[in-house]
Amino acid sequence: MGERGTVVLVEDDDDVREALAWFLEGVGFEVRQHADPGAFLSTPRPDAPHCVLLDLRLPGMSGLEVMDRLRARGDVTPVILITGHGSTGAALDARTRGAFAFFEKPVDHRELVARLDDALAARPAVDPAPRA
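What counts as what
- Residues numbered from 1 in each chain as written.
- Predicted model: local features only at pLDDT ≥ 70, side-chain atom pairs only at ≥ 80, totals over all residues.
- Heavy atoms only, no water.
- Helix = DSSP H or I, 4+ residues; strand = E, 2+ residues; numbered from the N terminus.
- Buried < 20%, exposed > 50% of the residue type's maximum accessible area, 1.4 Å probe, protein only.
- Contact = heavy atoms within 4.5 Å.
- Areas by Shrake-Rupley, 256 points an atom, 1.4 Å probe, with all protein chains shown as cover.
- Expected span 1.5 Å × (residues − 1).
- Arc of directions from axis to C-beta.
- Polar contact = N/O pair within 3.5 Å; in protein donor to acceptor, adjacent residues only side chain to side chain.
- Salt bridge = Lys/Arg side-chain N within 4 Å of Asp/Glu carboxyl O.

(A) Quick look at the overall build of the chain. Secondary structure assignment for the chain yields five helices and five strands. Taken from the N to the C terminus, the helices and strands of the chain come in the order β-α-β-α-β-α-β-α-β-α. Within the chain, the fraction of its 132 residues that count as buried is 43%. Taking the intrachain contacts of the chain between residues at least 6 apart in sequence as the baseline, contacts between residues at least 24 apart amount to 64%. When the accessible area of the chain is evaluated, it comes to approximately 6700 Å², of which 53% is carbon and sulfur surface.

In structure tokens:
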């Protein structure tokens, strides 16, 4: 595990995903990458404390749908949404549905790191076992 914790990054744009992963690893996070939301949902979660950094617009389902699926199976992992197509309405919808934070691309890296640290610190000490 990275010294700061683990970030599960779900982003379909290869360049954005690789750049974010490179940056986050450079500041001490372990990063697990996924380009496809379906593959992410079917992959077991890390045992270590983690949070999810999730693109709002993904192929096949939106980031909000992915977050809803996590919550429906009892997964309370903090989710931070990012998007290149943000609006006040999208940010409000994301927060209302339980997102820990919402960022528009390009992301302010200092603010992102601060919110990731906050999300990891806010995680429950023990997660309930997610339902399949």
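(B) Helix 5 (residues 109-122), seen in detail. Helix length check: helix 5, at 14 residues, gives a terminal C-alpha distance of 20 Å against a target of 20 Å (1.5 Å per residue), a fit within 8%. Taken together, the buried positions of helix 5 are occupied by Leu 112, Val 113, Leu 116, Ala 119 and Leu 120. Angularly, the buried residues of helix 5 cover 125° about the axis, an arc narrow enough to put them on a single face. Turned more than 90 degrees from where helix 5 packs its buried face, Arg 110 and Ala 121 sit exposed. Next to the buried residues of helix 5 lie strand 1 (5-10), helix 1 (14-26), strand 2 (29-34), strand 3 (50-55), strand 4 (79-83) and strand 5 (101-104). Capping the start of helix 5 is the job of one residue whose side-chain oxygen sits 3.0 Å from the backbone nitrogen of Arg 110: Asp 108.

(C) Inspection of the pattern of salt bridges at higher detail. Tallied over the full model, the rule gives eight salt bridges. Across the pair Lys 105 and Glu 11 runs a salt bridge whose closest N-O atoms are separated by 2.8 Å. With Lys 105 in the loop between strand 5 and helix 5 and Glu 11 in the loop between strand 1 and helix 1, this pair connects stretches of sequence that are 94 residues apart. Residue classification places Lys 105 among the partly exposed residues on the basis of a relative accessible area of 26%. Overall, Glu 11 belongs to the buried group, its relative accessible area being 1%. Here Asp 118 makes a salt bridge to Arg 115, at a shortest N to O gap of 3.1 Å. Of this pair, Asp 118 and Arg 115 are both found in helix 5, three residues apart, which corresponds to roughly one turn of the helix. Several salt bridges converge on common partners, so that one network encompasses Glu 11, Asp 55 and Lys 105.

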